[in-house]
Amino acid sequence: AAPLDMEPSALSLELLPTDPLLLILSFLDYRDLTSCCYLSRRLNQLSSHDPLWKRQCKKYWLISEEEKSQRNQSWKTIFISTYSDLGRYIQYYATLKKAWDDLEKFLGQRCPRMIGSLKESVREEDLDAVEAQIGCKLPDDYRCSFRIHNGQKLVVPGLMGSMALSNHYRSEDLLDIDTAAGGFQQRPGLKQCLPLTFCIHTGLSQYMALESVEGRNKYEIFYQCPDQMARDPSAIDMFITGTSYLEWFTSYVNKVVTGGYPIIRDQIFRVNIFLSCRYVHDKECVATTGDITVSVSTSFLPELSSVHPPHYFFTYRIRIEMSKDALPEKACQLDSRYWRITNAKGDVEEVQGPGVVGEFPIISPGRVYEYTSCTTFSTTSGYMEGYYTFHCLYYKEKYFNVTIPRFHMVCPTFKVSTARMETNHNDYAVDEDEDSTDTDEYEDRRRVLDIPAPSGRCPRHT
């Protein structure tokens, strides 16, 4: 028997069984597996065991068994070759690739024509050239996405979703890298900002700040909005939509593939604007004529508003209700409406037309009819008032008017950036010399990307 005070001999790495060692190595990341290659000859051999690299390829590059078979290479070779091309994006690639794959699979079944608008990936040298062109570094998550897909062609519908409000419509394309670079901004309010999307209908974009300037954080994504209260379109940070490209893109894709955004006629619709609006009801915006009460709620829509040209977009919801205590013979039908619209400068416009939103609702005791419509002003506020004309169903020759209470629409005070630009306010003053409009005609405008926006029409106030 060995003496009790004899120390056990050190267990040599070379004497450890292979299977337990491979099991231990299977828990290591690619960095540690690579380091093991330099520790000893045996670890070098074991760390090159191909099944160990299968896990790495699937985790970081989403390489499937089928793709591996097509490439006819070992897992380790595939990992190394992919790393040599995309290694700088290893912390983003799997997340973005999965998002793109999920989106393509989803759209392939429901919006096949949108798949055809996607562009192939770009090369590293293309992205380097853009950085040299704009004089700013692009974030790696943004670059990584373009190594998978170079945005889409400027078509309708846009990959980043569509929105409809009455006859208003917008659809946002995800810009390719060259078009985005062409729209890189250095003007006050958008300094060092790169457009990510573009709406052909409105000429508006979402932007990413490439530097921490004008009160914005580096790489956050936002909608451009005017600081109209100061009459200066300087930087504001009211409508931030993401703190990074990765967060912005993946959260959008998640909404799409989980059914958060409906698919209507082969295109993605971001949540119905009518449903997502935060309507504000003024208790004074109520008028009762006989047995019929009309009340109004309003909401400002920043996404459909712009400062140049001045174009402030509002939606309003109207509720028409007949008292449940009214006599049955009081039932009536709406024939027409009359509007008197006044902007902040006191300019007045009158509009008259049949029905409301193409309908001629019947109102009877206890019945409620609601509808939503929209309007625009070239000033930051305005108000509307008017009346509906009804005819009685029991006495068809009897007509009467029902008052629509005056309701005000005011663009909210924007949250101004902490960092203000020292600009001449006269140079950037909002032009409010245009009249309010009941047609919301989108003028052909050359905006940031120098792309003409086709004109569109909004219905008469309904």
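Since the model is a prediction, treat every value here as computed from it, not as a measurement.

Visitor: Help me understand the pattern of salt bridges, please; the structure alone is not making it clear to me.
Guide: Pairs can form between side chains of opposite charge whenever their charged atoms are close. The full count for this structure, using the stated rule, is 23 salt bridges. Where Asp-85 meets Arg-147, a salt bridge forms, and the shortest distance between an N and an O atom there is 3.0 Å. On the criterion of sequence distance, the pair formed by Asp-85 in helix α6 (residues 75-86) and Arg-147 in the loop between α10 (140-146) and β1 (162-165) is long-range, its members being 62 residues apart. As a salt-bridge pair, Glu-124 and Arg-147 come within 3.0 Å of each other at their nearest N and O atoms.

Visitor: Before we go on, may I ask you to explain helix α4 (residues 50-61) in this structure?
Guide: Residue pairs spaced three or four apart in an α-helix point in one direction, given the helix's 3.6 residues per turn. Here α4 contains twelve residues, and its C-alpha end-to-end distance of 16 Å stays within 8% of the 16 Å for a straight helix at 1.5 Å per residue. Buried within α4 are the following residues: Leu-52, Trp-53, Gln-56, Cys-57, Tyr-60 and Trp-61. Relative to the axis of α4, the buried residues are bounded by an arc of 135° and lie together on one face. Elements in contact with the buried residues of α4: α1 (18-25), α2 (30-36), α3 (41-47), α6 and α7 (93-110). Positive backbone phi, at 55°, marks Leu-62, one or two positions downstream of α4.

Visitor: Explain the nonpolar core here, please?
Guide: Across soluble globular proteins, nonpolar side chains show a tendency to be buried alongside one another. Counting 65 residues, the largest nonpolar core has Leu-138, Tyr-142, Tyr-245 and Phe-249 as its most contacted members. The residue makeup of this core includes at least three contributed by each of domain 1 (18-88) and domain 2 (93-254). Other than its neighbours up to four places away in sequence, Leu-138 contacts Leu-127, Val-130, Glu-131, Arg-143, Ile-177, Leu-194, Leu-210 and Tyr-219. The next biggest cluster of nonpolar side chains, apart from the first, holds 31 residues, and it includes Ile-292, Phe-300, Leu-334 and Val-351.

Visitor: Sorry, what's going on with unusual backbone geometry here?
Guide: Leaving glycine out, the prevailing phi sign among residues is negative, and the prevailing peptide bond configuration is trans. With an omega of 10°, the peptide bond between Val-156 and Pro-157 qualifies as cis. Secondary-structure assignment places Pro-157 in the loop between α10 and β1. A positive phi angle is found at Asn-72, which is not glycine, with a value near 55°. Here Asn-72 shows up in the loop between α5 (65-71) and α6. At Val-357, a residue that is not glycine, the phi angle is positive and equals roughly 45°. On the basis of relative accessibility, which here comes to 34%, the residue Val-357 falls in the partly exposed class.

The rules behind these values
- The written sequence of each chain sets the order in which its residues are numbered from 1.
- For this predicted model, a pLDDT threshold of at least 70 governs which residues receive local features, and a threshold of 80 or more governs which side-chain atom pairs are given and counted, while totals over whole chains, interfaces and linings are taken from all residues.
- Excluding hydrogens and water, the side-chain figures rest on all heavy atoms present in the structure.
- The term salt bridge refers to a pairing of a side-chain nitrogen on Lys or Arg with a carboxyl oxygen on Asp or Glu at a separation within 4 Å.
- Secondary structure elements follow DSSP: runs of H or I no shorter than four residues count as helices, runs of E no shorter than two count as strands, and numbering proceeds from the N terminus.
- The span expected for a helix works out to 1.5 Å for each residue beyond the first.
- Each residue gets one of three labels from its accessible area relative to the maximum for its type: buried under 20%, exposed over 50%, partly exposed in between, using a 1.4 Å probe on protein chains only.
- Think of the arc as the fan of directions from the helix axis to the C-beta atoms.
- Residues count as neighbours in contact if any of their non-hydrogen atoms are within 4.5 Å of one another.
- Among buried residues, the Ala, Val, Leu, Ile, Met, Phe, Trp, Tyr and Cys ones that are joined through side-chain atoms within 4.5 Å form a nonpolar core.
- Delimitation of the domains relies on an automatic or database domain assignment.

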